[in-house]
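Coordinates in review
The lines below spell out each chain.
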Amino acid sequence: MWFLFVLLVIILIIAAMSIKIVKQSEVYIIERLGKFYKVADAGLTIIIPFFDHVRSVVSLKQQTMDVPPQGVITKDNVTITIDTVVFYQITDPAKAVYEIQSLKKGIEYLAITTIRDIIGKMDLDETFSSRDGINTQLRLVLDEATDRWGCKIDRVEIKDITPPADIRDAMEKEMNAERNKRALILESEAQRQSAITIAEGKKQAAILEAEADREARIRRAAGEAQAIKEVADAKAKEIQMVYDAMKKADPNDTLVQLKSLEALKEVAKGDANKIFIPFEATNTLSSLGAMKEIITDSKKDNK
């Protein structure tokens, strides 16, 4: 009875040692008699107790590794601290176990030496403006070096670049000075643009005012010309009417001369300071002067 119970216990122990359940995204590295035997994928795996054993459990998920912050010297002899993170994934579990003692330590040391090599060829300002370039170079170097370890480097990211305190203060002062410079430039540009806009406005206003004054003068001159034309037309009509009337009346020369004098009198009342007398009217004026002298002499004789 005791023998059967012991035998059952031994069978259960052997079964437990023989049956292995591998989780998803993991593999087992199985050795037989100390030598690599196979890679057990996810699911149920049977091994031979005492002959086979699980050397390592390897995760196939993408993994992250923080590289400790490292002080590196730039090309212009400034010591900065760089904090880096590496994203990697194991593609060949057997190589990851057998080709290197510690995969994480190998990636870490390789990342540190590569960072120092890359940053040592750059100036301080270039390290801040070339993060993407540094990340790309790191990834390419690490991916090539870790390929023989059955590992693929997916990404390398620089989390932080920390310069010394005095360098930070100098950079902040330089940044403030640059901001003030840009502010002054923008303010000056705004004032210049404002002055240009005001000058353009005044110019346009002067042009419009001059055009308005010219238009007003043109309209005023046109109105005056029209008024003069209308007056002249009216006078011409009156003269034509008088002429027609006189022509119908068939006047003698004396009457024509008297009417001419009357017309001359009306013309003399005008604003003009010069009067043009027809040649025919001068004979009449001479006759009238002679008659005035005769009448004056006769009055003297009577006295």
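In what follows, the structure referred to is the one given above.
Below or above, wherever it landed, is the structure these notes cover.

The rules behind each value
- Every chain begins its residue count from 1, and numbering advances along the sequence as written.
- Owing to the predicted nature of the model, reporting of local features is limited to residues with pLDDT of at least 70; listing and counting of side-chain atom pairs is limited to 80 or more, with chain, interface and lining totals taken over all residues.
- No hydrogens and no water enter the side-chain calculation; it runs on all heavy atoms of the structure.
- Secondary structure is summarised from DSSP: a helix means a run of H or I of at least four residues, a strand means a run of E of at least two, and numbering begins at the N terminus for each.
- Burial classification: accessible surface area is computed with a 1.4 Å probe over protein chains only, and a residue below 20% of its type maximum counts as buried, one above 50% as exposed, and the rest as partly exposed.
- What sets the accessible areas is the Shrake-Rupley method with a 1.4 Å probe; for residues, cover comes only from the shown protein chains.
- The way it works is a 1 Å grid over only the protein atoms, where trapped points that fit a 1.4 Å probe form a cavity and open points with protein on both sides within 12 Å along at least five of seven lines form a pocket, and then any residue with an atom within 4 Å of a point lines it.
- Grid points are joined across faces, edges and corners, and a volume is the space filled by probe spheres set on the points.
- Pairing between two strands requires that DSSP report at least two bridges joining them.
- Between the N-to-C directions of two axes lies an angle of 0 to 180 degrees, each axis being a line fitted to C-alpha atoms and, for a helix, fitted only over the stretch in contact.
- Whether two residues touch is decided by their heavy atoms; if any such pair falls within 4.5 Å, the residues are in contact.
- Like charges are joined within 9 Å and nonpolar side chains (Val, Leu, Ile, Met, Phe, Trp, Tyr) within 5 Å, but only among residues with over 30% relative accessible area and no salt bridge; these make up the patches.
- Just to be clear on terms, a salt bridge is a Lys or Arg side-chain nitrogen sitting within 4 Å of an Asp or Glu carboxyl oxygen.
- Ring pairs shown here join Phe, Tyr and Trp side chains whose ring centres sit within 6.5 Å, with only the six-membered ring taken for Trp; geometry is labelled stacked below 30 degrees between planes, edge-to-face above 60, and tilted in between.
- Criterion for a charge above a ring: Lys NZ or Arg CZ within 6 Å of the ring centre, and within 35 degrees of the ring normal.

Moving on to the overall build of the chain. Counting its secondary structure elements, the chain contains eight helices and eight strands. Within the chain, the proportion of its 303 residues that are buried is 21%. Within the structure as shown, the chain displays about 22,300 Å² of accessible surface, and the carbon and sulfur contribution to it stands at 58%.

This part is about the layout of surface pockets. For the second largest pocket, the calculated volume is near 270 Å³. For the second largest pocket, the lining is made up of 15 residues, of which Ser-56, Ala-96, Val-97, Gln-101 and Leu-103 are closest to its centre. Of all the secondary-structure elements, those providing two or more residues to the lining of the second largest pocket are strand E5 (52-59), strand E7 (79-90), helix H2 (93-98) and helix H3 (103-119). Take the lining of the second largest pocket: its biggest share by element is four residues, from E5.

The phi torsion at Ser-25 lies on the positive side, around 70°, for a residue other than glycine. For Ser-25, a relative accessible area of 28% translates into the label partly exposed. Of note in this structure, Phe-50 is not a glycine but carries a positive phi near 70°. Locating Phe-50 in the fold gives a position in the loop between strand E4 (43-46) and E5.

So, on to the sheet that holds E5. Ordered in space as E3-E2-E5, the three strands form an open sheet in which the pairing is antiparallel. The open sheet is flanked by strand E3 (35-40) and E5, the only strands paired with a single partner. Geometrically, the sheet is characterised by an average inter-axis angle of 25° between neighbouring strands, direction not taken into account. Pairing of strand E2 (residues 26-32) with E5 involves seven bridges; the strand directions are antiparallel. Its bridge partner lying in E5, Val-27 is registered against Val-58.

Right, let's get into the sheet that holds strand E8 (residues 151-162). If you walk across this open sheet you meet the three strands as E6-E7-E8, and the pairing is antiparallel. This sheet does not close on itself; its edge strands, each paired only once, are strand E6 (63-73) and E8. Within this sheet the neighbouring strands show an average axis-to-axis angle of 25°, counted without direction. Bridge analysis of E6 against E7 gives nine bridges, and the strand direction is antiparallel. Among the inter-strand pairings, Gln-70 is bridged to a residue of E7, identified as Ile-82. Sheet strands touched by H3: E6, E7 and E8. Its angle to E6, the strand with the most contacts, is close to 35°. With respect to the sheet, helix H5 (residues 131-146) is in contact with E7 and E8, its orientation differing from that of E8 by roughly 145°.

On to a nonpolar patch on the surface. On the surface, Trp-2, Phe-5, Val-6, Val-9, Ile-10, Ile-13, Ile-14, Met-17, Leu-33, Ile-48, Phe-50 and Phe-51 cluster together to form a nonpolar patch covering roughly 1,200 Å² of accessible area. Tracing the backbone through its elements, the reader meets Val-6 in helix H1 (residues 2-18).

By the element assignment, Thr-136 lies in helix H5. For Thr-136, a relative accessible area of 42% translates into the label partly exposed.

Let's shift gears to the packing of aromatic side chains. Here the structure, examined in full by the defined rule, presents one aromatic pair. Ring centres 5.7 Å apart and planes at 75° place the aromatic pair Phe-36 and Tyr-98 in the edge-to-face group. Note that Phe-36 is positioned in strand E3 and Tyr-98 in helix H2, a separation of 62 residues in sequence. Classification of Tyr-98 by relative accessible area gives partly exposed; the value is 34%. The cationic tip of Arg-32 hangs over the ring face of Tyr-37; the distance from NZ or CZ to the ring centre is 4.0 Å.

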